[in-house]
Amino acid sequence: MNFCVVTFGCRANQADSFRLEEELCALGHTPAARESADLVVVNTCAVTAAAERSARQLLARLAREQPATRIAVTGCYATRQPERLERLPCVVALVPNSRKTNLASVIGAAGRAAAPAVLSPGAGGRTIYPLQVQAGCDERCSYCVVPSTRGPSTSRPLEAVLADARRLAVAGYREAILTGVHLGAWGRDLTPRRTLGDLLAALDELPGDLRFRLSSLEPMDCTPEVIRLVVRPGSRFAPHLHLPLQHASDAVLRAMRRPYTFDDFRRLLDTVRAALPDAAVGTDVMAGFPGETEVDARQLEEALDELPLSYAHVFAYSERPGTEASRRRPKASSREIRERAARLRERADRLRRRFEARQVGTERLALTLGDGTVALTDNYLKVRIPPGLPRNERVRVRVVRCTPLLGGEVVR
């Protein structure tokens, strides 16, 4: 059977999809382009209404253009609103997140006798492996449906993570990104209880040269222990932290049920910058949360102008029925949300360009991606380099320009 997995949403979803692809390949099935696949698995997201709409549009297009193709739907949208999807043509299986790990058997993809999946950098078009260490979330942000679709926080045992890391190193991977729905919660549900710092320390001691990058880490989980491990000379961890702020108004943060203040975030950022002046430090911010005033919006814009960040992802508030935020008043109009998000994106673009300009003339450890003409630096810059190198080559790159595109040269 030829199959294709289409993924919407976060790195946790991407990690789920990668694991499913490995499982299907191990069962004797063959990955293919979506247009020629016998089975298309759509791994959905429910974080925003736009993500749900994109999934519905893809499913309708598949049914219209490939009526003979079998479709399996999984992920958060399939968990949250299965009744909206199970009636669509060609959908042969609707698999909630609770059964996603057994998806291959649920959709009847028994195939031949299972064999170990053959991993190699570049499989599925990915040079960097998404290594999932945690799933689910126990937090209760007032705008988020993830706890209801992903369930409680669940950590993978330490030995299972270490075994996967060893397997990746043997397969030739040079970098893995540690992913989780709430990465910083890793270890809290284990017996004995552990911390993310324990996991990072164990990974740091593994033999070989596999390096690690942290995915999104909540500010309250970026502990001194985590920072110490990232900044340690010879560390296996990329100097790159993504710390979601969401807002600069303490009133809005309280309404969001975020467990920190803006000053807490600013002090954390100062600590990180003092230890890692050239690190990539990114954030997420949200425009138009219910109750956000124009004064609040301007406060967030000023924060992006002043904070020593490398980049920012801007999200327009998306109403999620059933959440606490959906019942809050007053609500900004669609036009106001769009305008506020646009102003934030202008500032995010300035942040990115400012950080890139500061890196011109520096030399960074990097990994070649794709056809070898792009290198991802340890501090999260995608730098165009001359052709001639294969994918997955570790190099040193000197950044030589930042306009019109970030460009560099390989330092031999």
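Residues numbered from 1 in each chain as written. Predicted model: local features only at pLDDT ≥ 70, side-chain atom pairs only at ≥ 80, totals over all residues. Heavy atoms only, no water.

K.L.:
Explain the overall build of the chain here, please?
P.N.:
Per the secondary structure count, the chain includes twelve helices and 18 strands. Computed over the C-alpha atoms, the radius of gyration of the chain is 22 Å, within 12% of the 22 Å expected from 2.2 N^0.38 for a compact globule of 412 residues. When the 412 residues of the chain are sorted by exposure, 52% land in the buried category. Taking the contacts inside the chain whose residues are at least 6 apart along the sequence as the reference set, 72% of them involve residues at least 24 apart. Entry remark: accessible area of the chain is about 18,100 Å², with carbon and sulfur atoms responsible for 52%. The centroid of the 61 positive side-chain charges in the chain is displaced by 3 Å from the centroid of its 48 negative side-chain charges. (Helix = DSSP H or I, 4+ residues; strand = E, 2+ residues; numbered from the N terminus. Rg over C-alpha atoms; globule rule 2.2 N^0.38 Å. Buried < 20%, exposed > 50% of the residue type's maximum accessible area, 1.4 Å probe, protein only. Contact = heavy atoms within 4.5 Å. Areas by Shrake-Rupley, 256 points an atom, 1.4 Å probe, with all protein chains shown as cover. Lys, Arg positive; Asp, Glu negative; His and termini not counted. Charge placed at Lys NZ, Arg CZ, Asp CG, Glu CD.)

K.L.:
Could you clarify how one ought to interpret the pattern of salt bridges in this entry?
P.N.:
Close approach of charged atoms allows side chains of opposite charge to pair. Considering all chains together, one arrives at 37 salt bridges under this definition. Of the charged contacts, one joins Arg-19 and Asp-16 as a salt bridge, the two residues approaching to 3.1 Å between their closest N and O atoms. Pair noted here: Arg-19 and Asp-16 are both in helix α1 (residues 11-26), with a separation of three residues, about one helical turn. Classification of Arg-19 by relative accessible area gives partly exposed; the value is 33%. Residue class for Asp-16 comes out buried when judged on its relative accessible area of 6%. Between Glu-294 and Arg-298 there is a salt bridge whose closest N-O contact spans 3.3 Å. On the criterion of helical spacing, the pair formed by Glu-294 and Arg-298 is a turn pair, its members being four residues apart in helix α11 (residues 294-306). The exposure class assigned to Glu-294 is partly exposed, which follows from its relative accessible area of 35%. Arg-298 gets classed as partly exposed once you look at its relative accessible area, which sits at 38%. (Salt bridge = Lys/Arg side-chain N within 4 Å of Asp/Glu carboxyl O.)

K.L.:
Sorry, what's going on with the nonpolar core here?
P.N.:
Counting residues in each nonpolar core, the largest one holds 59 residues, and the members touching the most others are Leu-178, Leu-203 and Leu-214. Ignoring any residue separated from it by four or fewer positions in sequence, one finds Leu-214 in contact with Ile-177, Leu-178, Leu-183, Leu-200, Val-226, Val-230, His-240 and Leu-241. The next biggest cluster of nonpolar side chains, apart from the first, holds 21 residues, and it includes Ala-37, Val-40, Leu-62 and Leu-85. (Core = buried A, V, L, I, M, F, W, Y, C linked by side-chain atoms within 4.5 Å.)

K.L.:
Explain the packing of helix α7 (residues 196-204) against helix α8 (residues 224-231) to me, please; I cannot follow it from the model alone.
P.N.:
Helix packing geometry: the angle between the two helix axes and the distance between the axes. Contact geometry of α7 with α8 gives a least axis separation of 9 Å together with a crossing angle of 20 degrees. Regarding the angle of α7 to α8, the classification is roughly parallel. For the pair α7 and α8, the crossing hand works out as left-handed. Of α8, the residues touching α7 (which contributes Leu-196, Gly-197, Asp-198, Leu-200, Ala-201 and Asp-204) are Glu-225, Val-226 and Leu-229. Its residues assigned to classes, the contact of α7 with α8 shows five nonpolar, one polar and three charged. (Axes fitted to C-alpha atoms, helices over the stretch in contact; angles between N-to-C directions. Parallel < 35°, antiparallel > 145°, perpendicular 65-115°, else oblique. Left-handed = near helix turned anticlockwise from the far one by under 90°. Nonpolar A, V, L, I, M, F, W, Y, C, P; charged D, E, K, R; others polar.)

K.L.:
Sorry if this is basic, but what is going on with the sheet that holds strand β13 (residues 311-316) here?
P.N.:
Strand pairing in a sheet relies on backbone hydrogen bonds, with the paired strands running either antiparallel or parallel. Read across the open sheet, the three strands follow the order β11-β12-β13; overall the sheet is parallel. Taken across any chain shown, the strands that pair with only one partner, and hence form the sheet edges, are β11 (240-242) and β13. Recorded for the sheet is a direction-independent mean angle of 15 degrees between the axes of neighbouring strands. Note: strand β12 (residues 280-287) against β13, six bridges, orientation parallel. Paired with Met-286 across the strands is Phe-315, a residue of β13. Helix α12 (residues 334-359) rests against β12 and β13 of the sheet, and its axis sits at about 170 degrees to β13. (Pairing = 2+ DSSP bridges.)

K.L.:
Help me understand the sheet that holds strand β6 (residues 129-132), please; the structure alone is not making it clear to me.
P.N.:
Pairing within the open sheet is parallel, and its three strands lie in the order β6-β9-β10. Every interior strand has two partners, whereas the edge strands, β6 and β10 (211-214), have only one. Shown here is a sheet whose adjacent strand axes are inclined to one another by a mean of 35 degrees, direction ignored. Pairing geometry for β6 and strand β9 (residues 175-179), over four bridges, is parallel. Paired with Gln-132 across the bridge in β9 is Thr-179.

K.L.:
Could you clarify how one ought to interpret the packing of aromatic side chains in this entry?
P.N.:
The geometry of two aromatic rings is summed up by the distance between their centres and the angle between their planes. Under the criterion given, the structure shown has six aromatic pairs. Seen in terms of ring centroids, Phe-212 and Phe-237 are 5.9 Å apart; in terms of plane orientation they differ by 35 degrees. Their pairing is tilted. Taken together, the residues span a long stretch of sequence, with Phe-212 in strand β10 and Phe-237 in the loop between α8 and β11 at a distance of 25 residues. Across the pair, exposure class does not vary: Phe-212 and Phe-237 are buried alike. Aromatic pair Phe-289 and Tyr-317: ring centres 5.8 Å apart, planes at 80 degrees, arrangement edge-to-face. Linking Phe-289 in the loop between β12 and α11 with Tyr-317 in the loop between β13 and α12, this pair joins segments that are 28 residues apart in sequence. For Phe-289, a relative accessible area of 1% translates into the label buried. Here Tyr-317 falls in the buried class, since its relative accessible area comes to 11%. Every member of this aromatic cluster is reached through a ring pair, and the members are Phe-18, Tyr-129 and Tyr-173. (Phe/Tyr/Trp six-rings, centres within 6.5 Å; stacked < 30°, edge-to-face > 60°.)

As far as function goes, none of this settles anything; it's purely spatial.
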